[in-house]
Amino acid sequence: AWFGGFLAGASAGVAWGRAVANRTVRPAAPWMVNGQGLASVADARSAALAALRSLDGKSHGRLAVEYGSARFEVAGGVGGGMVCHRNADATNEGSWAVLARSEGVADESVEVPMGAASGYIPVRFVHDVASVEIALEEFLKNPESSSFGPGWLTGNEAEATRLTTH
């Protein structure tokens, strides 16, 4: 009886060793769109544009696109306007940038809904879908760039306009 137990245990050990040697580890998806892992920039672009165009400010009020530690966020809705933020390293809370309009706009604030929450945002930070699509394309081309261009503002204004739920 002891010999049968020895053979069974040895066979199980050999099978376990072969299974461990033959297992493959999948790398994590480099792109994430609203928590969904995607393998290519083309897949990320398609998913992000579809999600962006479906933002309604209520049930779909946010978009988050991630590449490594870089992050692109949009809050709001297609009809009511959107606020857009990006970061080359989301672990650094102080390095967010907000997309701003440079042309003359009224010095007033508008309410931007984000699902159950909302915030009053200066009009110069509220954009239509076409402007946000351009910003998204720039992010997809070079997500880890820390130089965002002239339309982006960093510092207190960027931090104050982020609509967070935590």
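Here is a short report on the structure shown in this document. What you see is a predicted model; the values in this text were computed from it and never measured.

Counting its regular elements, the chain contains four helices and nine strands. Along the chain, from the amino end to the carboxyl end, the secondary structure elements read α-β-β-α-β-β-β-β-β-β-α-β-α. Residues classed as buried in the chain amount to 33% of the 166 residues present. Surface exposure of the chain reaches about 9,500 Å², of which carbon and sulfur atoms provide 55%.

This brings us to the pairing of strand E7 (residues 109-114). Each regular strand displays side chains that alternate between the two surfaces of the sheet. Bridge analysis of E7 against strand E8 (residues 117-122) gives six bridges, and the strand direction is antiparallel. Paired with Ser109 across the strands is Pro122, a residue of E8. If you look at the hairpin formed by E7 and E8, you'll find two residues sitting between the two strands, and Gly115 has a positive phi there, around 70°.

Bringing unusual backbone geometry into the picture now. The phi torsion at Asn34 lies on the positive side, around 50°, for a residue other than glycine. Inspection of the secondary structure puts Asn34 in the loop between strand E1 (31-33) and strand E2 (36-38). With a relative accessible area of 44%, Asn34 lands in the partly exposed category.

Compared with an ideal rise of 1.5 Å per residue, which puts 13 residues at 18 Å, helix H2 (residues 41-53) spans 18 Å between its outermost C-alpha atoms and is within 8% of the ideal. Burial in H2 covers these residues: Ala44, Ala48, Leu49, Ala51 and Leu52. The buried residues of H2 all sit within an arc of 165° when viewed along its axis, so they share a single face. Turning to H2, the residues buried within the fold contact E1, E2, strand E3 (62-67), strand E4 (70-77), strand E5 (81-87) and helix H3 (129-141).

Here we take up the nonpolar core. Inside soluble globular proteins, nonpolar side chains tend to come together where they are buried. Counting residues in hydrophobic clusters, the biggest one holds 25 residues, and the most contacted among them are Val65, Phe72 and Val74. Elements with a minimum of two residues in this core: E1, H2, E3, E4, E5, strand E6 (97-99) and H3. Setting aside residues up to four positions removed in sequence, Val74 forms contacts with Leu52, Leu55, Gly61, Arg62, Leu63, Met82, Val83, Cys84 and Val132. Core analysis: the second largest hydrophobic core is formed by eight residues, Val98, Ala100, Ile121 and Phe125 among them.

The subject of this paragraph is the pattern of salt bridges. Counted under the stated rule, the structure contains six salt bridges. Residue Arg45 is joined to Glu137 by a salt bridge in which the shortest nitrogen-to-oxygen separation is 3.0 Å. Of the two residues, Arg45 sits in helix H2 while Glu137 sits in helix H3, which places them 92 residues apart along the sequence. Assessed through its relative accessible area of 26%, Arg45 is described here as partly exposed. Put simply, Arg62, Glu66, Arg71 and Glu73 are held in one network by salt bridges that share partners.

Here the focus is the sheet that holds E2. On the basis of which strands lie adjacent, the open sheet formed by seven strands has the order E2-E1-E3-E4-E5-E6-E9 and antiparallel pairing. On the outer flanks of this sheet lie E2 and strand E9 (152-154), each paired with one strand and no other. Within this sheet the neighbouring strands show an average axis-to-axis angle of 20°, counted without direction. With respect to the sheet, H2 is in contact with E1, E2, E3, E4 and E5, its orientation differing from that of E1 by roughly 15°.

What counts and what doesn't
- Residues numbered from 1 in each chain as written.
- Predicted model: local features only at pLDDT ≥ 70, side-chain atom pairs only at ≥ 80, totals over all residues.
- Heavy atoms only, no water.
- Helix = DSSP H or I, 4+ residues; strand = E, 2+ residues; numbered from the N terminus.
- Buried < 20%, exposed > 50% of the residue type's maximum accessible area, 1.4 Å probe, protein only.
- Areas by Shrake-Rupley, 256 points an atom, 1.4 Å probe, with all protein chains shown as cover.
- Pairing = 2+ DSSP bridges.
- Expected span 1.5 Å × (residues − 1).
- Arc of directions from axis to C-beta.
- Contact = heavy atoms within 4.5 Å.
- Core = buried A, V, L, I, M, F, W, Y, C linked by side-chain atoms within 4.5 Å.
- Salt bridge = Lys/Arg side-chain N within 4 Å of Asp/Glu carboxyl O.
- Axes fitted to C-alpha atoms, helices over the stretch in contact; angles between N-to-C directions.

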